[in-house]
Every structure is written in structure tokens, then in C-alpha cells.
Amino acid sequence: MLGAAARHEAEHKAERQKRQRRQAAEAGRIAGGGARPFGYEDARVTIRESEARVIQEGVRRVLANESLASICRDWQARGIVSPVGKPWKPSRLRRLLASARISGRREHTPRSSWEATRPLLGEIVADAVWPGIISHEDSDRIRRVLSDPARRRKVEDTTKRSYLLSGVLRCGKPKAEGKPGGWGMVGRPRSGVPRYSCPNVPGTDACGGAAANADRTDDHVRDMVLAALDSPLFVQRLRDQDHAGKDLYDEIRVKRRWVRSVAEEVTGRVRDLRSRHRSTL
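Residues numbered from 1 in each chain as written. Predicted model: local features only at pLDDT ≥ 70, side-chain atom pairs only at ≥ 80, totals over all residues. Heavy atoms only, no water.

**A short note on the layout of surface pockets**
Spelled out, the test is: A pocket here means an open set of points on a 1 Å grid, computed over the protein atoms alone, that has protein on both sides within 12 Å along at least five of seven lines. A cavity is instead a set of points where a 1.4 Å probe fits but cannot get out; residues with an atom within 4 Å of a point line either one. Grid points are joined across faces, edges and corners, and a volume is the space filled by probe spheres set on the points. Segments assigned H or I by DSSP are reported as helices when at least four residues long, segments assigned E as strands when at least two residues long, and all are numbered from the N terminus.
Roughly 1,200 Å³ of internal volume is contained in the largest pocket. If you trace the largest pocket, you find 34 residues lining it, with Ala 31, Ser 99, Arg 101, Glu 107 and Arg 118 closest to the centre. Mapped onto the lining of the largest pocket, the elements with two or more residues apiece are helix 4 (90-98) and strand 1 (105-108).

Dropping the structure here:
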């Protein structure tokens, strides 16, 4: 009962917070904290002219069909960084240019509409209390461009290839002196030949210079896995791990019994309190 009451209060508190966020958005007020938004001063309502010109340039270049990666590389070469001092990555730049904030409008995305990753576009609900850096028309155009699924789709001829080891292979080549490798490799064909390559993503430690033939790599890894599965040493290690895990299972069972006993004790106390309360009425 105590748990149910706590859950009921938590749900009501969450609903109140949702209504407050919605009302703040519809009033065009500032939301959130953290680092200042790029293009604005610390108070979040005054335009920083030097960064505003950079945003306007980025919008023009994207609308002229230039890639986000090339813009990030150019900005990195020119020393243009984010408000926290980091080089621009395509994903971060995409969110900046697609934000309704830079057009002086308030955007709202209910928390219940997303789980792990916030959607690129939210609902524009009001004019904001801060001025816009770009026009509403340019903002609407670039939001359509950056949210178009065709812009991000990676196509090999007319079909999309699935790569067996995407997200598994790691680059072993350091990007610079003293920097270790380990960046995730992705499937990226060249001249129709499937390959794994270290992506040349601006603003990251990916070296962009390592690649391997996908078919030969898949065959090599497959042979290694089959050889390991056929090894008596591998089987013995699996058995040893099962034996080592027995102590952990026993500990979990003990903890579960302890939790049940505590729950029963709490339930008994609640029952006693109720009977005392009734006796006093």
C-alpha cells in the first residue's frame, strides 16, 4: 500500500510537470539550463552576432545541398566550436540548424513521446521571448530538408546491404600521436565492393583512414569463432564460468529471501497501525 501511494503521487507529480512545461512553451518562455545555446548570450535572449552569422552561413550551405560533414570540417579548420568548446559533429549541427529556437519560435516535445532519443523536430507552439537569427520561412525549409529520410539513407546501388560486423569491429589505428584507436567501424562500400571503414566524422577521434574488405573480414572472423567453439579449452572455460556463477545465484536467492522477510515485516506493521487506528475511533 505504501508503494502504491508513492507511485500514485509520482504519477501526479509527473503530470503536473508536463502541464507546466507545456504552459511554459505556449508562453514562449525559456526552458532548461545547461550550456547556453549557440548564437545567443548567457541570458539566452540576446543574439551573439559572431555566432549568428555562422548559423546563417550554415543554413545557406545546407539549403544549397552541402553536406553537414563538410560544413563541420570547414568550421573545425576555422576554429569554430560549440558553446562548450568542442568541435562540431554532423549530428550536433543537424540539431542546431533544425531547431525552431534559431528562428525565434518556441518548440515543445512532450517527454512521453520519446524514450531514448529525442526526436529531431518538436511541435512549434508559440513565438519565443527571444529574437530569431533566421526567418520563419528559412527555418521551415531547413527543417524539411534535415528531417527528410532520403537525405540520411545510405544506398548501395538500389538496395541496402546489411553488414555482419557493424558495431562490432573497432579501428586499431590511432588518429594522432598518443591517441589510441578503438572507434567503431561501419559498412561503407567503394566502387561496389563492400568494406568496413573507420568513418571520417568531424569532431570525433575517428581516424577515417582504416578500411578492410567486408567479405574477407567476415570469413576470417567466422573461422575464428568456429575454431574457438571447437576448442576443448573454450568448453572448459564455459564450464568454469557456470561453476563460478553458482555462488552468485546463491547470493541472489539469499537476498530475495531477505527482501521477502522485510516486506512481510512492513506489512505486519501497517496492519498493526490500522488496527490501533480503528480501536481509537
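**Describing the confidence of the model for the protein**
Note the threshold: Per-residue confidence from the predictor is reported as pLDDT, which spans 0 to 100. Contact definition: two residues touch when any of their heavy atoms are within 4.5 Å.
Confidence in the prediction for the protein averages 81 pLDDT; 86% of positions are at 70 or higher. Across the protein, the element-wise mean pLDDT spans from 72 in helix 6 (residues 149-152) up to 95 in helix 2 (residues 49-63). Counted against residues more than four places away or in other chains, residues 154-159, with its pLDDT under 50, gives 5 contacts.

**So, the nonpolar core**
Selection rule: For this analysis, a nonpolar core means a set of buried residues of the types Ala, Val, Leu, Ile, Met, Phe, Trp, Tyr and Cys, connected via side-chain atoms within 4.5 Å. Relative accessibility under 20% of the residue-type maximum defines a buried residue, over 50% an exposed one, and the middle range a partly exposed one, all with a 1.4 Å probe and only protein chains included.
Within the largest apolar cluster, 25 residues are counted, with the highest numbers of intra-cluster contacts made by Ile 55, Trp 88, Leu 93, Leu 96, Leu 97 and Leu 146. Sorting the residues of this core by element identifies helix 2, helix 3 (68-77), helix 4 and helix 5 (136-146) as the ones contributing at least two each. Not counting the four nearest positions on each side in its chain, Trp 88 is found in contact with Phe 38, Cys 72, Trp 75, Ile 80, Val 81, Ser 82, Pro 83, Leu 93, Leu 96, Pro 202 and Gly 203. Of all hydrophobic cores here, the second largest spans 11 residues; its members include Leu 169, Met 185, Cys 198 and Ala 210.

**Some words on helix 2**
Quick note on the threshold: Given a helix with a known number of residues, its expected span is that number minus one, times 1.5 Å.
Spanning 15 residues, helix 2 covers 21 Å between terminal C-alpha atoms, matching the ideal 21 Å at 1.5 Å per step. Residues Glu 51, Ala 52, Val 54, Ile 55, Glu 57, Gly 58, Val 59, Arg 61 and Val 62 constitute the buried set of helix 2. Where helix 2 ends, the next residue or the one after it, Asn 65, has phi of about 75°, a positive value.

**Thoughts on the pattern of salt bridges**
Put simply, the rule is: The salt bridge definition used is simple: a Lys or Arg side-chain nitrogen within 4 Å of an Asp or Glu carboxyl oxygen.
Throughout the structure, instances matching the rule amount to 16 salt bridges. Across the pair Arg 22 and Glu 26 runs a salt bridge whose closest N-O atoms are separated by 2.9 Å. Here Arg 22 pairs with Glu 26, and both are found in helix 1 (residues 2-26), just 4 residues apart, close to one helical turn. Assessed through its relative accessible area of 44%, Glu 26 is described here as partly exposed. Among the salt bridges present, the one from Glu 57 reaches Arg 61, with a minimum N-O distance of 2.6 Å. Here the residue Glu 57 and the residue Arg 61 both occupy positions in helix 2, the gap between them amounting to 4 residues, near one helical turn. Of the residues examined, Glu 57 reaches a relative accessible area of 15% and is grouped as buried. The class of Arg 61 is buried, set by a relative accessible area of 16%. When salt bridges that share partners are traced, they join Arg 36, Glu 41, Asp 42, Arg 48 and Glu 51 into one network.

**What about the sheet that holds strand 5 (residues 211-213)?**
Basically, it comes down to this: Between any two strands, pairing holds if DSSP finds at least two bridges. As a rule, the C-alpha atoms of each element are fitted with a line to give its axis, helices using only the stretch in contact, and angles between N-to-C directions run from 0 to 180 degrees.
Read from one edge to the other, the open sheet built from 3 strands follows the order 3-4-5, with strand pairing classed as antiparallel. Taken across any chain shown, the strands that pair with only one partner, and hence form the sheet edges, are strand 3 (186-187) and strand 5. Here helix 7 (residues 214-229) sits on the sheet in contact with strand 4 (195-197) and strand 5, set at roughly 75° to strand 5.

**Focus on the packing of aromatic side chains**
Definition in use: Two aromatic rings, drawn from Phe, Tyr or Trp (for Trp, its six-membered ring), form a pair once their centres lie within 6.5 Å of each other, and the interplanar angle then sorts them: stacked below 30 degrees, edge-to-face above 60, tilted otherwise. The rule is short: NZ of Lys or CZ of Arg within 6 Å of the ring centre and within 35 degrees of the ring normal puts a charge over the ring.
All chains considered together, the criterion is met by 3 aromatic pairs. Judged by centre distance (5.0 Å) and plane angle (80°), the rings of Phe 38 and Trp 88 are edge-to-face. On the criterion of sequence distance, the pair formed by Phe 38 in the loop between helix 1 and helix 2 and Trp 88 in the loop between helix 3 and helix 4 is long-range, its members being 50 residues apart. For Trp 88, a relative accessible area of 3% puts it in the buried group. Between Trp 75 and Trp 88, the ring centres sit 6.0 Å apart and the planes meet at 80°, which makes this aromatic pair edge-to-face. In this pair, Trp 75 is assigned in helix 3 and Trp 88 in the loop between helix 3 and helix 4, connecting sequence segments 13 residues apart. One exposure class covers both Trp 75 and Trp 88, and it is buried. Joined through ring pairs, the aromatic side chains of Phe 38, Trp 75 and Trp 88 make up one cluster. For Arg 101, the ring lying beneath its charged end belongs to Tyr 40, and the centroid distance is 4.9 Å.

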